[in-house]
Amino acid sequence: MSNSFMRAFARNFLGNAPGWYKWTIIAFLLANPVLFYTIGPFITGWVLIGEFIFTLAMALKCYPLPAGGILTFEAVAIGMTHPAAVYHETLKNFEVILLLVFMVAGIFFMKDFLQFTFTRILVRVRSKILISFLFCFIGAFLSAFLDALTVTAVIIAVAYAFYDVYHRFVSGMDMQSAHDLTSDKTLKDVQQQELKEFRGFLRNLMMHGAVGTALGGVCTLVGEPQNLLIGSEMGWRFVPFFIHMAPVSMPVLTVGLLTCVTVEKWKLFGYGSEMSGNIRSYLLETAIRMESERGRRWTAKLIVQGLTGIWLMLALAFHLAAVGIIGLSVIILLTTFNGVVEEHQLGHAFEEALPFTALLVVFFAIVAVIHDHHLFSPIIQYVLSLRGHMQLAGFYIANGLLSMISDNVFVATVYISETKMHMAELLGHIPDIGMSGAQLMDRLTNSHGIRSDVLALMPQHAAEQVRIIMHQFDNLAVAINTGTNIPSIATPNGQAAFLFLLTSALAPAIRLSYGRMVMQALPYTISMSITGLLATCFFL
C-alpha cells in the first residue's frame, strides 16, 4: 500500500511533466537549503535565479507557475526573503496586476469585432504581400492599445476556424462530427498539396501577426505587462511613455514592416506560401454565409464593441484613470450593452490572464530575493561604469539576451527596479538636495507631479546634477524596455504571444513547431534587434 501511495504521489508531482524534469526540480529543492546554509545567500540567490530561468525556458514542458512557484516558496521558507518583502513588491506593482486582470478580460469581450476585422482581410484581400503587411500592421496597432496575448488569440481563432472548415470540407466531414485536423490520410494527392500550401500560408500569417504584436507592444504603456512596470517606476503616463520610446520604437516598427514585405516578396525563411483559388473561393463563400446568418443583433454587438474600442483609446491617451480601471470600464460597457449577464459567461474572460498574474507575483518574490541580497548590484555597477552610448548598448544587449531565454517581464522587473535603486543612491550623493536620494527619486518619478517643478525648488548646481542623472535614467529605462521587447522575439520563451501560439491547438494542425517558429522569426530578430540597438545608441 505504501509503495502504491508513493507512486501516486510521484505521478501527481508536476503532473504530465517529463520524468527528468521532475527529478531536476527535486534536485533543486534539495540543493537550495544546503547551499543557503553552507555558502551563503549571495551565491544561492544566483543559483535560484538560474533555476527559475530554467523553469521559464522549459515552459513547453511545464507551465512555470508550479515549478517556479515551489522553488520560490522554499526560498521564502528558508529565509532568503520574507513574506512582507514579497507583499511590498506586489503592492508596488499593483497597477500591473489590475492591467492583467481587467484589461485582458475586457478585450475578451471585443473578440467578435477583432475576428470580424481579420476575417475580412483574410478572405477579401488577394495579394499575399498586402495580407501579410495588414496582419503585421493591424496586429501592431491593436497591440499598442489592447493586450498582445488577446490579439494573438483572435488571430489564432480566425485561422483555426477557417482551417477547420476547409479541412472538414475536403475530408468529407460535417461540422458536428469528431475530426482530427492533423491527419490527411483521406485526402487525394492534389488536395494534400493544396492543404500543404494552405498550412504554409497560415503559418506565414500567424508569424507576421505575432511579430506585429511585438512591434506595437513596445510602443505604449499597455502594449506589454513590462511596459506598465517600467512606466510605473518612471512615472510615465500613456503619452509620455510613447514619446520616450518613439526614437527607438518607430524605427523598429518601420524596419519590421519592411522585413515583412521583403521576406514575402523574395520568399525567404519559409515565407511566400500562397492560398489556392479553390480554397479562397470556398472560404469567402463560408464567410459570407456566416455573416448573413448572424443577423442584426450580431451587427449591433459589433457596433458596441467598435465604439468601446474608441472609448478605450481615448481613455488611455488622456489617462482618465489607471489602466486597470479603464479595463474594468470596458468590461462593464460591453457586458451591459451586449447582454453578457450570466456568471459563467463572465468567468471565461478571466481564464487567460489569471495564471500569468499568479506567475507575475512569483516574479516579484524572486525580485524580493534579488533586492534583499543585492544580487544584481555588481552587474548594474559594471554596466553603469560604461560611458555614453556604450552604457545604453550594454543595457539593451543584456536585457535582450536574457529575454531570449527567459520571460521578458521577469527581466524587465529586475533591471528597472535595480537601476532605479542605483540611481537613487547617486542622487543621495548630491549635496544640498534637502532630502534623501530615495525621497527625491520618489518625487521625480511621481506620475501626478511635474519633474521641472521639483528641480525648480533646488539650488541651481544641485538641480543640474539631478537633471543629468535623470536624463540618463530615462534613456536607460528606454533601453531596458526595448531590450526586453524586441530581441525576445527570437524564441517563444521570451514572448508570451509566441508561446501562446506554439501551445495552441492550431500549431500542430498547421505544422508550426518550435524550430520552425525560431527560423521564421529569425529575419525579424536580426533586422529589428540591430535597428533597436542602433537607435538606442544614436537617437537617445
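Within each chain, residues carry numbers counting from 1 in the order of the written sequence. Whole-chain, interface and lining totals are the exception, using all residues; otherwise, since this is a predicted model, local features are given only for residues with pLDDT of at least 70 and side-chain atom pairs are given and counted only at 80 or more. In computing side-chain values, all of the structure's heavy atoms are included and hydrogens and water are not.

Q: Go over the side chain of Glu51, please, and point to the residues and values.
A: On the secondary structure map, Glu51 appears in helix α3 (residues 41-57). For the buried residue Glu51, which engages in no salt bridge, the nearest side chain bearing the opposite charge is Lys22, 19 Å off. We call two residues in contact whenever any of their non-hydrogen atoms come within 4.5 Å of each other. Excluding anything up to four places from it in sequence, Glu51 contacts Phe28, Asn32 and Leu71. Secondary structure elements are defined from DSSP: runs of H or I of at least 4 residues count as helices, runs of E of at least 2 residues count as strands, and each element is numbered from the N terminus. When accessible area is computed with a 1.4 Å probe and restricted to protein chains, residues below 20% of their type maximum are described as buried, those above 50% as exposed, and intermediate ones as partly exposed. In summary, the charge assignment counts Lys and Arg as positive and Asp and Glu as negative, without counting His or the chain termini. Salt bridges are identified by distance alone: a Lys or Arg side-chain nitrogen within 4 Å of an Asp or Glu carboxyl oxygen.

Q: Describe in detail the pattern of salt bridges, supporting the description with residues and values.
A: Using the criterion set out here, one finds seven salt bridges in the structure. When the shortest N-O distance is used, the salt bridge between Lys420 and Glu233 registers 3.1 Å. Taken as a pair, Lys420 in helix α19 (residues 408-428) and Glu233 in helix α11 (residues 225-234) lie far apart in primary sequence, 187 residues in all. Taking relative accessible area as the criterion, Lys420 reaches 13% and is therefore assigned buried. Overall, the relative accessible area of 8% leaves Glu233 in the buried class. Beyond isolated ion pairs, a larger network of salt bridges with shared partners links Glu89, Lys92, Glu233 and Lys420.

Q: Describe a nonpolar patch on the surface, and please don't skip the residues or the numbers.
A: The grouping of Trp266, Leu268, Phe269, Met519, Leu522, Ile526, Ile530, Leu534, Phe538 and Phe539 at the surface amounts to a nonpolar patch, some 1000 Å² of accessible area in total. Within the element layout of this structure, Leu534 appears in helix α25 (residues 514-538). Only residues whose relative accessible area exceeds 30% and that form no salt bridge are eligible for patches; like-charged ones are grouped when within 9 Å, while nonpolar side chains (Val, Leu, Ile, Met, Phe, Trp, Tyr) are grouped when within 5 Å. Here the accessible surface of atoms and residues is derived via Shrake-Rupley with a 1.4 Å probe, and residues count as covered only by protein chains that are part of the display.

Q: An account of the packing of aromatic side chains is requested, with residue identities and associated values reported.
A: Note on ring pairs: Phe, Tyr and Trp rings are taken, using the six-membered ring of Trp, and paired if centres are within 6.5 Å. Classes follow the plane angle, with under 30 degrees stacked, over 60 edge-to-face and the rest tilted. Using the criterion set out here, one finds 19 aromatic pairs in the structure. Ring centres of Phe145 and Phe238 lie 5.8 Å apart, and the angle between their planes is 25°; this geometry places the pair in the stacked category. Taken together, the residues span a long stretch of sequence, with Phe145 in helix α8 (residues 128-145) and Phe238 in helix α12 (residues 238-265) at a distance of 93 residues. Overall, the relative accessible area of 16% leaves Phe145 in the buried class. Given the relative accessible area of 7%, Phe238 is considered buried. Ring plane angle 70° and centroid distance 6.1 Å describe the contact between Trp236 and Phe241, whose orientation is recorded as edge-to-face. For the pair shown, Trp236 and Phe241 are each scored as buried. Aromatic rings pair up to connect Tyr163, Tyr166, Phe198, Phe201 and Tyr282 into one cluster. Taking the ring centre of Trp266 as reference, the NZ or CZ of Lys265 above it sits at 5.8 Å. Throughout this description, the term charge over a ring refers to an Arg CZ or Lys NZ atom that lies within 6 Å of the ring centre and within 35 degrees of the ring normal.

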